[in-house]
Amino acid sequence: MPGACHVRGTMELSELQQIRQDKAQALRERGIEPYPGRAHRTASTEDAIARFEDQEHAQALVDGHDTEPITVAGRIVSFRHMGKTVFAHIRDGHGQIQLYLRKDVLGADAYDDLLKLFDLGDFVEATGELFRTKTGEVSLRTSEIRMLAKALNAPPEKWHGLSDIETRYRQRYVDLIANEEVREVFRIRARTITALRHFLDSRDYLEVETPTLQPLYGGAAARPFTTHHHALDQTFYLRIADELYLKRLLVGGYERVYEICKDFRNEGIDRNHSPEFTMLEFYEAYADYETMMETVEAMIVQAAQEVLGTLRITYHDKEIDLTPPWRRVTLRAAIEEYSGIDYVDHPDQASLLAAARAAGADIESGTVWPRIVDELLKQFVRPNLIQPTFLTDYPVALSPLAKRKADDPTHVERFQPLVAGSIELGNAFTELNDPMDQLARFQEQQKDREAGDEEAMPIDIDYVTALMYGMPPTGGVGIGIDRLVMFFTDQPTLRDVILFPAMRRQAIEDGRPALAATSDDTAP
RNA sequence: GGGCCGCUAGCUCAAUUGGCAGAGCAACUGACUCUUAAUCAGUUGGUUCAGGGUUCGAGUCCCUGGCGGCUCACCA
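Residues numbered from 1 in each chain as written. Chains lettered and ligands numbered in written order. Predicted model: local features only at pLDDT ≥ 70, side-chain atom pairs only at ≥ 80, totals over all residues. Heavy atoms only, no water.

### Brief notes about the protein's contact with RNA strand B
- Taken together, 56 residues lie near RNA strand B, and Thr135, Lys158, Glu166, His273 and Glu424 sit nearest.
- For RNA strand B, the backbone makes up 59% of the atoms found within 4 Å of the protein, where backbone means sugar plus phosphate.
- Within the backbone of Lys134, a nitrogen or oxygen atom sits 2.8 Å from a base oxygen of RNA strand B.
- Ser163 has a polar backbone atom sitting 3.1 Å from a phosphate oxygen of RNA strand B.
- Elements with a minimum of two residues in the surface near RNA strand B: helix H1 (15–29), strand S1 (66–81), strand S2 (85–91), strand S3 (96–102) and helix H5 (165–170).
- When its residues are assigned to classes, the surface near RNA strand B shows 17 nonpolar, 15 polar and 24 charged. (Near = heavy atom within 4 Å. Polar contact = N/O pair within 3.5 Å; in protein donor to acceptor, adjacent residues only side chain to side chain. Helix = DSSP H or I, 4+ residues; strand = E, 2+ residues; numbered from the N terminus. Nonpolar A, V, L, I, M, F, W, Y, C, P; charged D, E, K, R; others polar.)

What follows is the structure in structure tokens.
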């Protein structure tokens, strides 16, 4: 692994690491601690530049200088040595600023002896007066520079940066050092989550926390991660959804609740799926899926406006306009529009399969009826839904927790917001609150489980019991935060919006993976 | 899990038909008091992912394994 020592056993440094370690030692020999406990920064780089420009504007500079000394701190990201002058940039969490170091200002001893012990990547603090260089850049005429933390690993190459995808994910900290646009992606992620919270809080939603460790999993069709609690001697599952717990809270009397949490699904990893992902679920009493469409639309629009400052988003060269109202189309109408097939005319598997194939769909022979509908959606409809669209009214077989439509019991009141032809931003429905219907749907799922469908939901008797106490008519929504951020930031895969994506364990330090795995597993 | 592709210096990448493993940046030595991919001169740096095999000779061809990417399947 780049930059790594042989971590187990010896701490053998590479040649480049050893050179830097020797410099740290040289600092100690001069009575300078290379990892001091305190910094004495008086301004961020951003504030320093702003302050200089204010002074400049107020014409308060003396001979072009802001005479009040200032101390900035950060990582050395460039270093240009020019004889008796050095130009360097340091970067902090806000921006960067140029240091101008002169032998006659810094002092001959410091300049000749100390400066050569500083490298790219080191954290330093610099004190001096702000001025503008000939090229117009606000810079710090540095009278003192002090080591804050000696870096033993060099940062990636300055021009090409770090592009190796594996290293970017495994050593995200290096990715963040090297790539400003990656730092920005995760700022947008944070601001997006904040914006969603603000939206819901302002609408009187209560943020709640429900169990991650669940004795019974449910709320979605997925295989769970399984673990064991020793003291209780009981199997627990990492939640695949928090849906059933949030709806219990509506039984309890709260009218509007939401939770932002990690869900875990023990399934494949690809550009749209991660084994742990961040979900926003929110439920509103006395609302239905129509209400929730309004809410989702308003929420995404407000988040885009707050975070990106625009409703026009480019995703993979597609121009997407979030300006409401978004298109609403039923699943049935959309499939008919784009494939020419009305699946209601084909109520059995053989008929629908034949029609789908006649329309040019690529579907395997054994595919069950609901899956054929799903394939028609995937192959004909989705690629055409570039602009934000609510796809509504799904066949009941696809949705065991949604309420049937009053005028059509074969369909449920459900919608999915889709965008950019492929991104499902979420999933929502009018919640099923008839306890006996819910029990029947669980029993259907149970049959599928017994037939070998590992993703079918187990029966949750306590949840049925809760419904028997009465749950008001309710609209519920789940929004995939990672996908929303992927859309907002124009990233190609989910992993690019997850700081530390799941990766296969790497155990190649000494070419003995089995041994490495053993020692890892027995570590305290 | 299947298929295809990749892994070469700290980073970004070369290496012709199987024929001396290279460049830029970084590092090291030196020059240079307004540079910003600084410039100039010189130097160092390699288990070519690992292990086998074929061959006079393997980064290159074959086999096995590791990790990754894309894609298909499953899923949100």
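### Thoughts on the pattern of salt bridges
- This model, assessed by the stated rule, comprises 43 salt bridges.
- Note that Asp104 is salt-bridged to Arg102, the shortest N-O span being 2.7 Å.
- A residue is classified by how much of its surface remains accessible, and Arg102, at 26% relative accessible area, is partly exposed.
- Where Asp482 meets Arg189, a salt bridge forms, and the shortest distance between an N and an O atom there is 2.9 Å. Taken together, the positions of Asp482 in helix H15 (residues 481–489) and Arg189 in helix H7 (residues 180–202) put the pair 293 residues apart, joining distant regions of the chain.
- What makes Asp482 buried here is its relative accessible area of 3%.
- Residue Arg189 is classed as buried on the basis of its relative accessible area of 13%.
- Taken together, the shared-partner salt bridges connect Arg20, Lys23, Asp119, Asp122 and Lys150 into one network. (Salt bridge = Lys/Arg side-chain N within 4 Å of Asp/Glu carboxyl O. Buried < 20%, exposed > 50% of the residue type's maximum accessible area, 1.4 Å probe, protein only.)

### Considerations on the sheet that holds strand S4 (residues 123–132)
- Overall, mixed pairing links the five strands, which are arranged S1-S2-S3-S5-S4 in a closed barrel. Taking each pair of neighbouring strands and ignoring which way they run, the sheet shows an average axis angle of 55 degrees.
- As paired elements, S3 and strand S5 (residues 138–149) share three bridges and run parallel to each other. Residue pairing across strands places Gln98 opposite Ser139, the latter belonging to S5.
- Along the sheet, helix H2 (residues 45–57) makes contact with S1, S2, S3, S4 and S5, crossing S1 at roughly 130 degrees. (Pairing = 2+ DSSP bridges. Axes fitted to C-alpha atoms, helices over the stretch in contact; angles between N-to-C directions. Contact = heavy atoms within 4.5 Å.)

In short, shape yes, function no, at least from these values alone.
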